[in-house]
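Architecture and fold: a report
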Amino acid sequence: MKKLSVLFAILFTAITYGQKTVNDYKYVIIPEKYEFSKEKNQYQLNALTKFLLEKYGFTTVMKSAEKPAELQSNNCLALEADVQNNSGLFVTKMVLQLKDCYGNVVYASDEGRSREKDYKAAYHEALRDAFTSLEDLNYSYNEDPIVAETTKKEPKVIASTTTQVSNAEEEEVEAVEENEMDVEDATIATTEGKFYTNDNAVYFLKENEAGYGFYQKGMAEPFAMLIDSDGSDNFIYNSLTKQGMAYFADNGDLIIEIFDRQTSKTVKTTYKLQH
């Protein structure tokens, strides 16, 4: 009888587990490096994965970042993102996988493809193509009542750096008139005295806990944030109206890439470093 009860429990767990979908998970953890990559965030693929997942409504956490309290106590609240590189000689092929805390694949995208010859362009196009599969998921987290009851007793934790920075930006914009900052002081506080230009306007970065505030010269408040995603020179770009990627070119220029949903294309803006 005891053996029968154990068997029933195992079968019940298997059936329950088999019904799991991406909607049963609150977070997606992004690794700093994929198995096929030679270095962290090579070709900005990991930062692009984070950006695209958030575009489709997921709450993401970098693997090296501090985890929310509820995720620290229960790592099975999260899926882990993985990208499989199935590329051939002439076609770049990539598949997004979302795995549970036991390493089981809960979701696999359609295979994204690209015939671009440049590695970075090909990887980005193929990964974006793979992510189009997520449009049909209509992801929305189904909170477990038991987990919800437990987390109510815990201090409120901000789910992701992006959300935290977005809220901070709104508060900063509303408080501009009350907290007017001397422009000269802001200029003195710029990171390493570097200035950037675009369309005859001058910009600078000011370091903060999340990464950098992005300022236009003459303005007291940042109009965007560059959020450190993996400890390198690759960042999540976040403003009140736009989100994308930011990174530094070899010559020091700051590159911002924003995905335009209306045209389904990436708009690249270059802020040239002034020497």
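The numbers attached to residues start from 1 for each chain and follow its sequence in the written order. Restriction of local features to residues with pLDDT of at least 70 applies here, the model being predicted, together with a cutoff of 80 or more for giving and counting side-chain atom pairs; totals for whole chains, interfaces and linings are based on all residues. In computing side-chain properties, one takes all heavy atoms of the structure into account and sets aside hydrogens as well as water.

1. Side note on the sheet that holds strand β8 (residues 201-207)
Here a strand pair is declared whenever DSSP counts at least two bridges between the two strands. The way it works is that DSSP assigns letters per residue, a run of H or I at least four long becomes a helix, a run of E at least two long becomes a strand, and they are numbered from the N terminus. With antiparallel pairing, eight strands are arranged side by side around a closed barrel as β7-β8-β9-β10-β11-β12-β13-β14. Taking each pair of neighbouring strands and ignoring which way they run, the sheet shows an average axis angle of 30 degrees. With five bridges connecting them, strand β10 (residues 224-228) and strand β11 (residues 234-239) associate as antiparallel partners. Its bridge partner lying in β11, Leu226 is registered against Tyr237. Note on method: axes are straight lines fitted to C-alpha atoms, helices fitted across the in-contact stretch only, with angles between N-to-C directions ranging 0 to 180 degrees.

2. Some remarks on helix α4 (residues 119-131)
Expected span of a helix, by definition, is 1.5 Å for each gap between consecutive residues, and there is one gap fewer than residues. Over its 13 residues, α4 runs 18 Å from end to end, which matches the ideal 18 Å to within 8%, given 1.5 Å per residue. If you check which residues of α4 are buried, you get Lys120, Ala122, Tyr123, His124, Ala126, Leu127, Arg128, Ala130 and Phe131. Two or three places before Lys120, at the opening of α4, Asp118 has a side-chain oxygen 3.3 Å from that residue's backbone nitrogen. Partly exposed residues are those whose accessible area sits between 20% and 50% of the maximum for their type, while under 20% is buried and over 50% is exposed, using a 1.4 Å probe and protein chains only. Polar contacts, as used here, are pairs of N or O atoms within 3.5 Å; protein pairs need one atom able to donate a hydrogen and one able to accept it. Residues neighboring in sequence count only if both atoms are side-chain atoms.

3. Some words on the pairing of strand β2 (residues 59-62)
Examined bridge by bridge, strand β1 (residues 27-30) and β2 share four bridges and lie parallel to one another. When the bridges of β2 are listed, Val28 appears paired with Thr60. A crossover gets the label right-handed when its path from the first strand over the helix to the second runs clockwise, viewed with the strands pointing away from the viewer. One crossover worth recording links β1 to the parallel β2 by way of helix α2 (residues 45-55), and it is right-handed.

4. Regarding the side chain of His124
As for its placement among the helices and strands, His124 is situated in helix α4. The exposure class of His124 is buried, given its relative accessible area of 9%. In contact with His124, not counting residues within four places along its chain, are Tyr43, Gln44, Leu45, Leu48, Met245 and Glu257. Note on contacts: a residue pair is in contact if any heavy atoms of the two residues lie within 4.5 Å.

5. What about the environment of Gly213?
Checked against the element boundaries, Gly213 lands in strand β9 (residues 211-216). We classify Gly213 as buried; its relative accessible area is 2%. Put simply, Gly213 and Phe223 are 10 residues apart on the chain and 7.7 Å apart in space, counted from C-alpha to C-alpha. Leaving out residues up to four positions away in the same chain, Gly213 has contacts with Phe204, Leu205, Lys206, Asn208, Pro222, Ala224 and Met225.

6. A closer look at the environment of Leu77
Here Leu77 shows up in the loop between α3 (69-73) and β3 (78-85). Classification of Leu77 as buried rests on a relative accessible area of 5%. Residues Leu77 and Lys26, 51 residues apart in the sequence, show an inter-C-alpha distance of 5.7 Å.

7. Details of a negative patch on the surface
On the surface, a cluster of negative charge is made up of Asp110, Glu116, Asp118, Glu125, Asp129, Glu135 and Asp136. Within the secondary structure layout, Glu125 lies in helix α4. For patch detection, residues must exceed 30% relative accessible area and be free of salt bridges, and they are connected within 9 Å for like charges or within 5 Å for nonpolar side chains (Val, Leu, Ile, Met, Phe, Trp, Tyr). All accessibility values rest on the Shrake-Rupley procedure with a 1.4 Å probe; residue burial counts only the protein chains present in the view. When a carboxyl oxygen of Asp or Glu is within 4 Å of a side-chain nitrogen of Lys or Arg, the pair counts as a salt bridge. A residue counts as positive if it is Lys or Arg and as negative if it is Asp or Glu; His and the chain ends are not included. Here the site of a charge means NZ on Lys, CZ on Arg, CG on Asp, or CD on Glu.

8. Some remarks on the pattern of salt bridges
A side chain of one charge can pair with a side chain of the opposite charge when the charged atoms of the two come close. Applying the stated criterion across every chain, the model contains seven salt bridges. With its nearest N and O atoms 3.2 Å apart, the salt bridge here joins Lys50 to Glu54. Of this pair, Lys50 and Glu54 both sit in helix α2, four residues apart, roughly one helical turn. Residue Lys63 pairs with Glu80 through a salt bridge whose shortest N-O separation is 3.1 Å. Of the two residues, Lys63 sits in the loop between β2 and α3 while Glu80 sits in strand β3, which places them 17 residues apart along the sequence. For Lys63, a relative accessible area of 42% puts it in the partly exposed group.

9. A word on the packing of α2 against α4
The N-to-C vectors of α2 and α4 enclose an angle of 25 degrees; their axes lie 11 Å apart at closest approach. Accordingly, the angle class assigned to the pair α2 and α4 is roughly parallel. For α2 against α4, the interelement crossing comes out right-handed. Across from Leu45, Leu48, Thr49, Phe51, Leu52 and Leu53 in α2, the residues of α4 making contact are Tyr123, His124, Leu127, Arg128 and Phe131. All residues other than Ala, Val, Leu, Ile, Met, Phe, Trp, Tyr, Cys, Pro, Asp, Glu, Lys and Arg, Gly among them, are scored as polar; the first ten of these are nonpolar and the last four charged. By residue class, the composition of the contact of α2 with α4 is eight nonpolar, two polar and one charged. For classification purposes, angles smaller than 35 degrees are called roughly parallel, those larger than 145 roughly antiparallel, those between 65 and 115 roughly perpendicular, and all remaining angles oblique. Note: crossing handedness is left-handed where the near helix turns anticlockwise from the far helix by less than a right angle, and right-handed where it turns clockwise.

10. Comments concerning the packing of aromatic side chains
Only rings of Phe, Tyr and Trp enter the pairing, Trp through its six-membered ring, and a pair is recorded when the two centres are within 6.5 Å. The plane angle decides the type: under 30 degrees is stacked, over 60 is edge-to-face, the rest tilted. For the structure shown, the criterion picks out 16 aromatic pairs. A ring pair is formed by Phe195 and Phe204, whose centres lie 6.2 Å apart and whose planes are at 70 degrees; its orientation type is edge-to-face. Between the aromatic rings of Tyr203 and Tyr271, the centroid separation amounts to 5.0 Å while the plane-to-plane angle is 80 degrees, which identifies the pairing as edge-to-face. You can see Tyr203 sitting in strand β8 and its partner Tyr271 sitting in strand β14 (residues 265-273), a full 68 residues away along the chain. Judged by relative accessible area, Tyr271 falls into the buried class, the value being 10%. An aromatic cluster is defined as three or more aromatic residues linked by ring pairs; in this entry it consists of Tyr34, Phe36, Tyr43, Tyr119 and Tyr123. Across the ring face of Phe195, the terminal group of Lys217 is positioned such that the distance to the ring centre comes to 5.6 Å. The rule is short: NZ of Lys or CZ of Arg within 6 Å of the ring centre and within 35 degrees of the ring normal puts a charge over the ring.

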